[in-house]
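A closer look at the structure
Single-letter residue listing:
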Amino acid sequence: MSWFQTLRVALRALLRNKMRSFLTTLGIVIGVSAVIAMVAIGDGAKARVEAQFSAMGSNLLMVLPGTTTAGGAHGGFGSMPTLTWDDLRAIQTEIPTVRYAAPSLRATAQVLSEDQNWTTTVIGTTPDYFDIRSWPIAAGSLFTSVDVDGATKVAVLGQTVVDKLFGPNANPVGQVIRVKNVPFTVVGSLSKKGQSQWGMDFDDCVIVPVSTFRQKIQGGLGNYLGGIIMVSATGPSTVSRTESLVRGLLRDRHRLPPGTDDDFSIRNLAEIASASQEGTRTLTTLLAAIAAVSLLVGGIGIMNIMLVSVTERTREIGLRMAVGAKPGDIRLQFLVEALALAVAGGLIGVGLGLGAARWMASSFGWQVLYRPDVIFIAVGFSGLVGVGFGFYPAHRASRLDPITALRFE
Amino acid sequence: MDQAPLIRLEDVTKTYRMGDVEVHALRGVSLSVELGEFTAVMGASGSGKSTLMNILGCLDRPTTGRYLLDGQEVSHLGTEALAGIRNRTIGFVFQSFNLLPRTSALENVELPLLYAGAGAVDRHARAAASLAQVGLADRADHFPNQMSGGQQQRVAIARALVTRPRVILADEPTGNLDSRTSVEVMALFQELGRSGITVVLVTHEPDIAQYASRVVTMRDGRVRSDVRRAARRAEPLPPGEAAAAEEALP
Ligand SMILES: Nc1ncnc2c1ncn2[C@@H]1O[C@H](COP(=O)(O)OP(=O)(O)OP(=O)(O)O)[C@@H](O)[C@H]1O
Ligand SMILES: [Mg+2]
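As a starting point, this report considers the structure included with it. Since the model is a prediction, treat every value here as computed from it, not as a measurement.

1. A word on helix 4 (residues 120-133) of chain B
For helix 4 of chain B, built from 14 residues, the straight-helix expectation of 20 Å at 1.5 Å per residue is met to within 8% by its first-to-last C-alpha distance of 20 Å. Buried within helix 4 of chain B we find B:R123, B:A127, B:S130 and B:L131. On an axial view of helix 4 of chain B, the arc spanned by its buried residues comes to 100 degrees, and they lie on one face. Buried positions along helix 4 of chain B lie against helix 1 (3-16) of chain A together with helix 3 (105-116) and helix 5 (149-161) of chain B.

Written out as structure tokens, the structure is:
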């Protein structure tokens, strides 16, 4: 018998007992839908965290002045400047795995346009900063090293600042803003980055050349760098090595004897990100366990119903054999029936799961992510369960003696 | 006979073993059936008629002895091969019809063709032709529970015919039918015989057996008598005359 015919016969048999078929698949439906929904939500959360971390910068290390306490809390950041401009240059030139290093000096200041004002963070840095944070430009251009060398009064605006000073989607290029009464010409605006994991608005900033920042906005600290150093490693694999090289270099330069604490601290964003993914991994394991149990229960349900079905249809089996069905035909028919039940359960489960994820996404504002591979795996596993648990009933059916089967009451 | 018989049983025995007890259902049956012959098998209950039919139908294998069907020794064939022979060479008609419930007459008739690997178009055409042959062309879409017993049995005969088998085996096909419908069914079998299909039929009723051209009587697992004679022609009668016809029988 052809595959298509076998499938048709199987579907008919299942549709003849719609309620029973549906109840049988329920175990698989529930298992699969729970997994699909939770994976969609879990992946959504994971993707959001990843996006937030990558918004901070790629392969990023942040070098902060001051010591860290044993608990990891940063003690007196900014109050104890320990990083120097020479340190920055050393990091840039002496460590081969450093792609970029840039200073980041920050000050909170009121910024004025012709008719608006807004209090924001002003950042003084070098052009490498934009590469470190992989922050594309939205309009105009970035300032260059020439601007840094000449301490020109130019500024690049984050989108939030553009909104507040010039209105949404305005092009601020060429406009003049005043920071601490100093006029800056806006040369460009940056594309939107969104919020950090802690709710900080990345786009609420004005970025100016570090030299101009030191002259006009926040007086210098001499040789000391009154901010932090942002370092971008050459690739994801070199981040850890770069961290230890930077640490060694700075300890050397600060002449810290072995055994003493660092007088600076280094934050490795990749590490923080992966730590925050740890919970997700536990959740995934738990989900896999739930899926396994519910598929097992679903499989036993299918086996049970298939055994009942074989008994009920003993005469039919006898008749089919009498008119020429080979044992293999009978086995295949019942196997396909079990498979169809399980796959239908899997598909319903996928539908319900996606629906549930979507509903949760819209009612709680969670981000969800639909992964086709998970859907295929879920349906595939359902099918495997169908074949696995359907085999014994199908085998039993195929082993029936046609004479006995035909006489069965 | 210059032609080899279609069915040839040589000293066939069948013994069922139930624990320590042995039941000798057939104790040495030798029988030849020619092509196109219409044979009735009679005998007391338990005499081995159904056992014989099961062996003839390749549903069961003899314990000892040889069975040649259409010149081929089949007593030693495996399950798969026997299924193939049942599909191609044999058509079954049962006492209890054995139609699939909630399945149209046409699809019931198509069933053997499904296992013969016929394509959908071919299947429909042949099943429809077969239904027409038993006079049920207009009932193709009816379900078994929408048809009378006689009609259901005719659907079953159409199903047996659809693969164009050499032999039709019918174990008490009229057992569940009244006398008038029985005659209709017998008329159908006689027609098949005339078209060259060999029919072997089991019955308890002598007035059914008289439509056959040969009557084999079984007793205690053996053939007791084997008589060839002119068959009475089965002519279905209108309802009123059926009872009268029955009384007129010898
Ligand atoms: N599967 C079986 N196991 C054991 N004994 C069996 C089996 N099938 C038949 N028999 C025995 O074989 C003998 C012949 O049975 P069979 O069914 O051939 O009789 P029959 O002539 O068809 O009777 P009836 O007219 O009642 O249908 C009986 O004694 C029966 O009990
Ligand atoms: Mg019998």
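There is more to say after this.
2. Quick look at the sheet that holds strand 8 (residues 198-202) of chain B
All names here are of chain B. Read from one edge to the other, the open sheet built from six strands follows the order 6-7-8-3-9-10, with strand pairing classed as mixed. The open sheet has two free edges, formed respectively by strand 6 (90-93) and strand 10 (222-228), since each of these has just one partner strand. Averaged over all pairs of adjacent strands, the angle between strand axes in this sheet comes to 20 degrees, irrespective of strand direction. Direction of pairing for strand 9 (residues 214-219) relative to strand 10: antiparallel, over a ladder of six bridges. By the bridge assignment, R214 is partnered in strand 10 with R228. Contacting strand 6 and strand 7 (167-171), helix 2 (residues 79-89) runs over the sheet at an angle of about 80 degrees to strand 6.

3. Description of the packing of helix 11 (residues 327-364) of chain A against helix 12 (residues 372-398) of chain A
Residues and elements named next belong to chain A. Contact geometry of helix 11 with helix 12 gives a least axis separation of 7 Å together with a crossing angle of 150 degrees. Taken together, the axes of helix 11 and helix 12 lie roughly antiparallel to each other. Of the two possible hands of crossing, helix 11 and helix 12 adopt the one that is right-handed. Residue classes in the contact of helix 11 with helix 12 are distributed as 17 nonpolar, seven polar and one charged.

4. A word on the side chain of B:S130
Along the chain, B:S130 turns up in helix 4. Discounting residues that sit within four places of it in the chain, B:S130 has contacts with B:V109, B:A158, B:L161 and B:V162.

5. Digging into the sheet that holds strand 5 (residues 72-73) of chain B
All names here are of chain B. Sheet architecture is open: four strands sit in the order 2-1-4-5, paired in antiparallel fashion. Each edge of the open sheet is held by one strand with a lone partner, namely strand 2 (21-33) and strand 5. Sheet topology note: the strand 4 (residues 64-69)/strand 5 ladder contains two bridges and is antiparallel. Within strand 5, the residue paired with L69 across the bridge is Q72. The strands touched by helix 1 (residues 49-56) are strand 1 (7-18), strand 2 and strand 4; relative to strand 1, the strand with the most contacts, the crossing angle is about 120 degrees.

6. Examining empty space enclosed by the protein
Per the counting criterion, the structure on display carries three cavities of 30 Å³ or more. One number sums up the size of the largest cavity: a volume of about 60 Å³. Lining the largest cavity are A:V323, B:R86, B:N87, B:I90, B:G91, B:F92, B:P112, B:R159, B:A160 and B:T163. Mapped by element, the contributors of at least two residues to the lining of the largest cavity are helix 2, strand 6 and helix 5 of chain B. In terms of residues, the lining of the largest cavity owes the most to one element, strand 6 of chain B, which gives three residues.

7. Re the pairing of strand 9 (residues 228-233) of chain A
In the case of a regular strand, side chains alternate between the two sheet surfaces. All names here are of chain A. With respect to burial, strand 9 is a largely interior element, six of its six residues being buried. By the alternation rule, side chains of strand 9 split into I228, M230 and S232 and I229, V231 and A233, which are all buried. The sheet contact formed by strand 2 (residues 98-112) and strand 9 spans six bridges and is antiparallel. Each bridged residue has a counterpart across the sheet, and for Y100 the counterpart in strand 9 is S232.

8. Focus: helix 8 (residues 239-253) of chain A
Residues and elements named next belong to chain A. If you check helix 8, its first and last C-alpha atoms are 21 Å apart, about what 15 residues at 1.5 Å a residue would give, namely 21 Å. Of all the positions in helix 8, only V239, T242, E243, V246, L249, L250 and R251 are classed as buried. Those residues of helix 8 that are buried are in contact with strand 1 (60-65), helix 3 (85-94), strand 2, strand 9, strand 10 (264-268) and helix 9 (269-312). Looking one or two places after helix 8, you find R255, whose phi comes out positive at around 50 degrees.

9. Digging into the packing of helix 9 of chain A against helix 12 of chain A
All names here are of chain A. Following both chains from N to C, one finds helix 9 and helix 12 inclined at 30 degrees, their axes separated by 9 Å at the closest point. Classified by the interaxial angle, the pair formed by helix 9 and helix 12 is roughly parallel. The way helix 9 lies across helix 12 gives a crossing that is right-handed. For the pair helix 9 and helix 12, the contacting residues are L295, L296, G299, I300, M303, M306, L307 and V310 in the first and F381, S382, V385, F389, Y392, P393, R396 and A397 in the second.

10. Quick notes on the site of ligand 1
Residue and element names in this part refer to chain B. Of all residues adjacent to ligand 1, which total 14 residues, the nearest are S45, G46, K49, S50 and T51. Side-chain polar atom of S50 to an oxygen atom of ligand 1: 2.7 Å apart, as the coordinates give it. Within the contact set of ligand 1, an oxygen atom lies 2.6 Å away from a side-chain nitrogen or oxygen of T51. Here ligand 1 loses 68% of its free accessible area of 630 Å² to cover by the protein chains. Breaking the shell around ligand 1 down by element, the ones donating at least two residues are strand 1, strand 2 and helix 1. It is helix 1 that contributes the most residues to the shell around ligand 1, three residues altogether. Taken together, the residues of the shell around ligand 1 break down into five nonpolar, seven polar and two charged.

About the criteria used
- Residues numbered from 1 in each chain as written.
- Chains lettered and ligands numbered in written order.
- Predicted model: local features only at pLDDT ≥ 70, side-chain atom pairs only at ≥ 80, totals over all residues.
- Heavy atoms only, no water.
- Helix = DSSP H or I, 4+ residues; strand = E, 2+ residues; numbered from the N terminus.
- Expected span 1.5 Å × (residues − 1).
- Buried < 20%, exposed > 50% of the residue type's maximum accessible area, 1.4 Å probe, protein only.
- Arc of directions from axis to C-beta.
- Contact = heavy atoms within 4.5 Å.
- Pairing = 2+ DSSP bridges.
- Axes fitted to C-alpha atoms, helices over the stretch in contact; angles between N-to-C directions.
- Parallel < 35°, antiparallel > 145°, perpendicular 65-115°, else oblique.
- Left-handed = near helix turned anticlockwise from the far one by under 90°.
- Nonpolar A, V, L, I, M, F, W, Y, C, P; charged D, E, K, R; others polar.
- 1 Å grid on protein atoms, 1.4 Å probe; cavity = no way out; pocket = protein on both sides within 12 Å on 5 of 7 lines; lining within 4 Å.
- Points joined across faces, edges and corners; volume = space filled by probe spheres on them.
- Near = heavy atom within 4 Å.
- Polar contact = N/O pair within 3.5 Å; in protein donor to acceptor, adjacent residues only side chain to side chain.
- Areas by Shrake-Rupley, 256 points an atom, 1.4 Å probe, with all protein chains shown as cover.

Worth remembering: the numbers are spatial, not functional.
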